[in-house]
Amino acid sequence: IISPTMGMSNKDRPLIDQRTRPRRNRRTDGMRDMIRENFLTPANMIYPLFIHNGKENQAIASMPGCERHTLESMLNEVGEARAEGVRSVILFPKVEDEKKTNFGEEAYNPEGIVPTAIRMIKAKYPDMLVITDVALDPYSNMGHDGIVENGVILNDETVQQLCRQAVAQAEAGADIVAPSDMMDGRIGAIRDALDIEGFTNVSIIAYTAKYASAYYGPFRDALDSHPGFGNKKTYQMDPANSREALLEAELDSSEGADMLMVKPGLPYLDIIRQLKDNTDIPVVAYHVSGEYSMLKAAAERGWLNEKDVALETLLGFRRAGADVIVTYYAKQAAKWLNGKE
C-alpha cells in the first residue's frame, strides 16, 4: 500500500515528496556535534556545600550523596570539584541552636562559620569563586528569613541585618553574595552597603524569582531551618504567578543585581525563559533539593539512568536560557562531562 502523496525513486524505493528533511542534520555524531545549539560545561555550574562546626560529616537522609561537611572536609570537596573544572561554590551553614535568635546576630559574626569557611577556601584556592547565602533563616530561632514581630516578618528591619551580613561576608573574602530572603528593596540596600565599605567588586546574585515552593523540604532538613510557624508565602512568590517575576527582575536589575536567579528550576523553566528574554543580566537557575532528591530516589530504584537524566536536566536549564546552574550534581556532573563515571 502506497500513500497517494508518495511516489517511487529511480532506485525503485518509496519516496516522499519532501525536500527539507531535518533528520539529515541528525545522521551522525559529527553532524550532531557540529550544529549543537547549547552546551553544558563544569564552569556553568555552582556547587552548593552544607557546612557545620561538628567534628565529623553528617549524612543528609533526604539528600543521598550530600553531607553536612566539617570545614576540613569542605576544603577537600572544594578541591575535588575544582579539579573537575567547577569554578564556584555556594555555602550554606547548619548553625547550632544556641546561636540562633530572632534577630540572627550570628549571621554577621566575623568569627562565625561562614566567614571562617570563606577565609579557608580563599587561602587554599584563591581562584575559586566563593558565593554566600544572605538570609536570616539559618540563624533564626523562628526558622524564617527575617525578623519576626507578632507573627509578621518585618521587611526593613530585616534588610538592615542582611546588609550587616553581606558586609561581614565580603570582609571575609566572598566574591559574590546571594540574598535569598525575598525582602523588598534588599538588593539596593546591600549594594549600597557593600559600596560604601569599599566592596564595589563584590557581585550580587539576586534570588529574583524565588517561589514559595514545596520542593525545598530536603534543603531545610540539611540546615534544620524549617519555619517555626506558618509558611513563607508572605515574602516568597506565589507559584501561580509569572508576570510578577518580571517586576522582581526589573527591581533587582535597577537596584544593582549582577545576576538574577530563578528558584526552583524544573517547574519554572518558563520563568527562566521570561527573564532571559526580558533582561540583559545573566540568569541563574537553582536545581533545588527536591528536584535532586526525586532523581536520586528514582535512580536508586533503577527506574531511571541517573547520569543520562541528570545531564539532560542540566542541559535543559541551559536550553531554557540559564547561563549558570546551582546544582548538587555539580561535582558528579563535571566528572561525567570529563568522561569519568
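Heads up: the structure comes first, above all this text.
Residues numbered from 1 in each chain as written. Predicted model: local features only at pLDDT ≥ 70, side-chain atom pairs only at ≥ 80, totals over all residues. Heavy atoms only, no water.

Peer 1: Just to check I follow, could you spell out the overall build of the protein chain for this structure?
Peer 2: When helices and strands are counted, the protein chain shows 11 helices and 14 strands. The principal-axis extents of the C-alpha atoms in the protein chain amount to approximately 80 × 40 × 40 Å. For the protein chain, with 341 residues in total, the buried portion stands at 50%. Taking contacts inside the protein chain between residues at least 6 apart in sequence as the whole, the part at least 24 apart equals 74%. On the protein chain, roughly 16,400 Å² of surface is accessible, and the fraction owed to carbon and sulfur atoms is 48%. Averaging the locations of the 39 positively and 50 negatively charged side chains of the protein chain gives two centres separated by 11 Å. (Helix = DSSP H or I, 4+ residues; strand = E, 2+ residues; numbered from the N terminus. Buried < 20%, exposed > 50% of the residue type's maximum accessible area, 1.4 Å probe, protein only. Contact = heavy atoms within 4.5 Å. Areas by Shrake-Rupley, 256 points an atom, 1.4 Å probe, with all protein chains shown as cover. Lys, Arg positive; Asp, Glu negative; His and termini not counted. Charge placed at Lys NZ, Arg CZ, Asp CG, Glu CD.)

Peer 1: Looking at this structure, how should I read the packing of aromatic side chains?
Peer 2: For any pair of aromatic rings, the description rests on two quantities: the centre-to-centre distance and the angle between the ring planes. Evaluation of the coordinates by the stated rule reveals 10 aromatic pairs. Between Tyr207 and Tyr286, the aromatic rings sit 6.5 Å apart at their centres with planes inclined by 50°, giving tilted as the arrangement. Here Tyr207, found in strand S11 (residues 203-210), pairs with Tyr286, found in strand S13 (residues 283-287); they are 79 residues apart in sequence, far enough to count as distant. Judged by centre distance (6.1 Å) and plane angle (50°), the rings of Tyr286 and Tyr328 are tilted. (Phe/Tyr/Trp six-rings, centres within 6.5 Å; stacked < 30°, edge-to-face > 60°.)

Peer 1: Can you help me understand the packing of helix H10 (residues 306-320) against helix H11 (residues 330-337) in this one?
Peer 2: Any two packed helices are characterised by how steeply their axes cross, that is the angle between the axes, and by the distance between the axes. Contact pair H10 / H11: the axes reach a minimum separation of 11 Å and the direction vectors enclose 105°. One way to sum up the angle between H10 and H11 is to call them roughly perpendicular. Each of Glu306, Lys307, Ala310, Leu311 and Leu314 in H10 lies in contact with H11, whose residues at this interface are Ala333, Trp336 and Leu337. Of the residues contributing to the contact of H10 with H11, the split by class is six nonpolar, no polar and two charged. (Axes fitted to C-alpha atoms, helices over the stretch in contact; angles between N-to-C directions. Parallel < 35°, antiparallel > 145°, perpendicular 65-115°, else oblique. Nonpolar A, V, L, I, M, F, W, Y, C, P; charged D, E, K, R; others polar.)

Peer 1: What is the right way to look at unusual backbone geometry in this model?
Peer 2: Note: most peptide bonds trans; most residues except glycine with negative phi. Residues Lys263 and Pro264 are joined by a peptide bond in cis, for which omega reads -5°. As for its placement among the helices and strands, Pro264 is situated in the loop between strand S12 (259-263) and helix H8 (269-278). One non-glycine residue, Asp12, adopts positive backbone phi at about 65°. Residue classification places Asp12 among the exposed positions, given a relative accessible area of 58%.

Peer 1: Explain empty space enclosed by the protein here, please?
Peer 2: In this approach the atoms are scanned with a rolling probe the size of a water molecule, which exposes any empty space left behind. Applying the stated criterion to the full structure yields two cavities of 30 Å³ or more. By volume, the largest cavity is sized at about 100 Å³. Around the largest cavity, the lining residues are Phe92, Asp133, Asp137, Ser180, Tyr207, Lys210, Tyr216, Phe219, Arg220, Lys232, Gln236 and Lys263. Of all the secondary structure elements, the ones that give two or more residues to the lining of the largest cavity are S11 and helix H6 (217-223). For the lining of the largest cavity, the per-class residue count stands at four nonpolar, two polar and six charged. The calculated volume of the second largest cavity comes to roughly 30 Å³. Around the second largest cavity, the lining residues are Glu106, Ala107, Gly112, Ile113, Val114, Pro115 and Tyr139. In the lining of the second largest cavity, the residues fall into five nonpolar, one polar and one charged. (1 Å grid on protein atoms, 1.4 Å probe; cavity = no way out; pocket = protein on both sides within 12 Å on 5 of 7 lines; lining within 4 Å. Points joined across faces, edges and corners; volume = space filled by probe spheres on them.)

Peer 1: Sorry, what's going on with the layout of surface pockets here?
Peer 2: In this structure, the largest pocket encloses a volume near 280 Å³. If you go around the largest pocket, you meet 17 residues; those closest to its centre are Tyr47, Gly65, Glu77, Tyr292 and Tyr328. The set of elements that each furnish at least two residues to the lining of the largest pocket consists of strand S3 (45-51), strand S5 (67-69), helix H9 (289-300) and H11. Considering every element that reaches the lining of the largest pocket, the biggest residue donor is S3, with four residues. Considered class by class, the residues forming the lining of the largest pocket number nine nonpolar, three polar and five charged. Roughly 240 Å³ of volume is contained in the second largest pocket. Lining the second largest pocket we find Asn25, Arg26, Arg32, Ile35, Arg36, Glu37, Asn38, Leu315 and Arg319. Secondary structure elements with two or more residues in the lining of the second largest pocket: helix H1 (29-35) and H10. Looking at side-chain class alone, the lining of the second largest pocket contains two nonpolar, two polar and five charged residues.

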